[in-house]
Amino acid sequence: MAKETKKVPASKKPAPQVKAARKPNRPKLPRQKTQKKPAGERSSAPKFRSLTPIVPPQSVAGRALTLVVAIMSFLACLTVGGVSVVWDAADDWQNDLVREVTIQIRPAEGIDMLREIDKAVALTQEFPGVETVRALSDDETRALLQPWLGDGLELESLPVPRLIQITVDDPEALDLSQLRAALEQEVIGASLDDHSIWTSRLSAMAGAVVLGGFAILALVLGSMVLSVVFATQSAMAGNKDVVSVLHFVGAEDSFIAREFQRHFLVLGLKGGISGGAIASLAFLMLDLFTRRGSGQAGSDQLSALFGTVSVSLPGYLGVIAVVFLVAVLTALTSGLAVKAHLKRAD
């Protein structure tokens, strides 16, 4: 009878022994010292580079255009400042003429001039809006006639009219037509001069100066726009290869135009700020000259025409507006010129 073999459970079987594989002994090589590369050599690994603009920021054409824009901006700011000075002077003249009215009494035979003068003064003081009424003395009348008739005048022997100066407090409250009618009716030989002719002439002159100033400003800005167009075409010609490559690889016209606009905007700002600063310095020097040069012929003539020649706050605000307008026109003109060139290239 065969022997029965006993089955050993799997959990009680001894685990096979696995020998760890040994690494083959390799000869140790001596470490090589790494040599440092000289500073001039660059590694072949790619590095990020900063994007360079299409138009070179510094070029002879760019410096020339900056100078042209500065000159044009200076002339435009001078025009704005001059218009501001003339406008303020004309406004002051008009206010002075409106607030002063003159009564003229002509001499006549058998008429007591002093009595007629007193009647005119008393009648004028009754009207609303009148501040002061003063008759010019004989010495003041002689001083007025001295440049034409010389010294030693005898007013009694000459038919010289007498003047009464009226200072108006409120021009809207004073009825000049009613005052004129009352004087002609009550005072013999009296007439009222409200300087309306001079006021209308001053208004016309101020308007003509303003229109002329705007015309000069338009010419200066137009010349600057033409200069920017030629400079843009020159920059396009100098960077023709770059622009052509960008255009043919799919770059949009707006992208190329923005690059040129950014470049010329910086040039316009530099030139505009330079011209505006020089013009403002010229205004300050002129103001200082008229204030400290009293007694000199040139300064006295300027003061007689314009008073103290100084540019007011609206004039300086106009200078700032001109600088901003120059920069915007420079950028817009360059952008439009680039787009027109690219359309022709298509």
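Residues numbered from 1 in each chain as written. Predicted model: local features only at pLDDT ≥ 70, side-chain atom pairs only at ≥ 80, totals over all residues. Heavy atoms only, no water.

Q: In this structure, what is going on with the sheet that holds strand E1 (residues 100-105)? I would like to understand it.
A: Where strands meet in a sheet, backbone hydrogen bonds hold them as pairs that are either parallel or antiparallel. Strand order in the open sheet made by the four strands is E2-E3-E1-E4, with antiparallel pairing throughout. Here the strands that pair on one side only, and so sit at the sheet edges, are strand E2 (130-135) and strand E4 (190-193). Between one strand axis and the next, the sheet turns by 20 degrees as a mean value, whatever way the strands run. Bridge count between E1 and E4: four bridges; the pairing is antiparallel. Note that in E4 the partner of Thr102 across the bridge is Asp193. With respect to the sheet, helix H4 (residues 176-186) is in contact with E1, strand E3 (162-168) and E4, its orientation differing from that of E4 by roughly 165 degrees. (Pairing = 2+ DSSP bridges. Helix = DSSP H or I, 4+ residues; strand = E, 2+ residues; numbered from the N terminus. Axes fitted to C-alpha atoms, helices over the stretch in contact; angles between N-to-C directions. Contact = heavy atoms within 4.5 Å.)

Q: So what exactly am I meant to see when it comes to the nonpolar core here?
A: Inside soluble globular proteins, nonpolar side chains tend to come together where they are buried. Residues Leu65, Ile256, Phe260, Phe264 and Val338 are the most contacted members of the largest nonpolar core, which totals 30 residues. Of all the elements in the fold, those that place two or more residues in this core are helix H1 (60-98), helix H5 (196-238), helix H7 (253-292) and helix H9 (313-345). By residue number, the principal contributor to this core is H5, which donates eight residues. The next biggest cluster of nonpolar side chains, apart from the first, holds 21 residues, and it includes Met113, Ala120, Val121 and Phe127. (Core = buried A, V, L, I, M, F, W, Y, C linked by side-chain atoms within 4.5 Å. Buried < 20%, exposed > 50% of the residue type's maximum accessible area, 1.4 Å probe, protein only.)

Q: Would you explain the packing of aromatic side chains in this entry?
A: Counted by the stated rule, this structure contains one aromatic pair. Between Phe283 and Tyr316, the aromatic rings sit 6.3 Å apart at their centres with planes inclined by 80 degrees, giving edge-to-face as the arrangement. Here the residue Phe283 occupies a position in helix H7, and Tyr316 occupies one in helix H9, the gap between them amounting to 33 residues. (Phe/Tyr/Trp six-rings, centres within 6.5 Å; stacked < 30°, edge-to-face > 60°.)

Q: Explain the environment of Ser274 here, please?
A: Of note, Ser274 is situated in helix H7. Separated by 200 residues in sequence, Ser274 and Phe74 place their C-alpha atoms 7.9 Å apart.

Q: Just to check I follow, could you spell out the layout of surface pockets for this structure?
A: Here the idea is plain: a probe the size of a water molecule rolls over the atoms and shows the empty space left. Taken as a whole, the largest pocket spans an internal volume of roughly 240 Å³. The wall of the largest pocket is formed by 14 residues, among which Thr79, Val80, Val83, Ser84 and Phe214 lie closest to the centre. Every element with two or more residues in the lining of the largest pocket is listed here: H1, H5 and H9. Considering only residue class, the lining of the largest pocket consists of seven nonpolar, six polar and one charged. (1 Å grid on protein atoms, 1.4 Å probe; cavity = no way out; pocket = protein on both sides within 12 Å on 5 of 7 lines; lining within 4 Å. Points joined across faces, edges and corners; volume = space filled by probe spheres on them. Nonpolar A, V, L, I, M, F, W, Y, C, P; charged D, E, K, R; others polar.)

Q: Whenever I open this one, the side chain of Ser280 confuses me. Can you help?
A: Mapped onto the secondary structure, Ser280 falls in helix H7. Overall, the relative accessible area of 17% leaves Ser280 in the buried class.

Q: Which parts of the structure should I look at to understand the pattern of salt bridges?
A: Any two side chains of opposite charge can pair, on the condition that their charged atoms come close. On inspection of all chains with the given rule, the structure shows five salt bridges. Residue Glu116 is joined to Arg115 by a salt bridge in which the shortest nitrogen-to-oxygen separation is 3.8 Å. Among the residues examined, Arg115 registers a relative accessible area of 47% and is labelled partly exposed. Residue Asp139 pairs with Arg142 through a salt bridge whose shortest N-O separation is 3.2 Å. Taken together, the residues Asp139 and Arg142, both in helix H3 (residues 138-149) and three residues apart, mark about one turn of the helix. On the basis of relative accessibility, which here comes to 56%, the residue Asp139 falls in the exposed class. Residue Arg142 is classed as partly exposed on the basis of its relative accessible area, which comes to 26%. Where salt bridges share partners, they join Arg115, Glu116 and Lys119 into one cluster. (Salt bridge = Lys/Arg side-chain N within 4 Å of Asp/Glu carboxyl O.)

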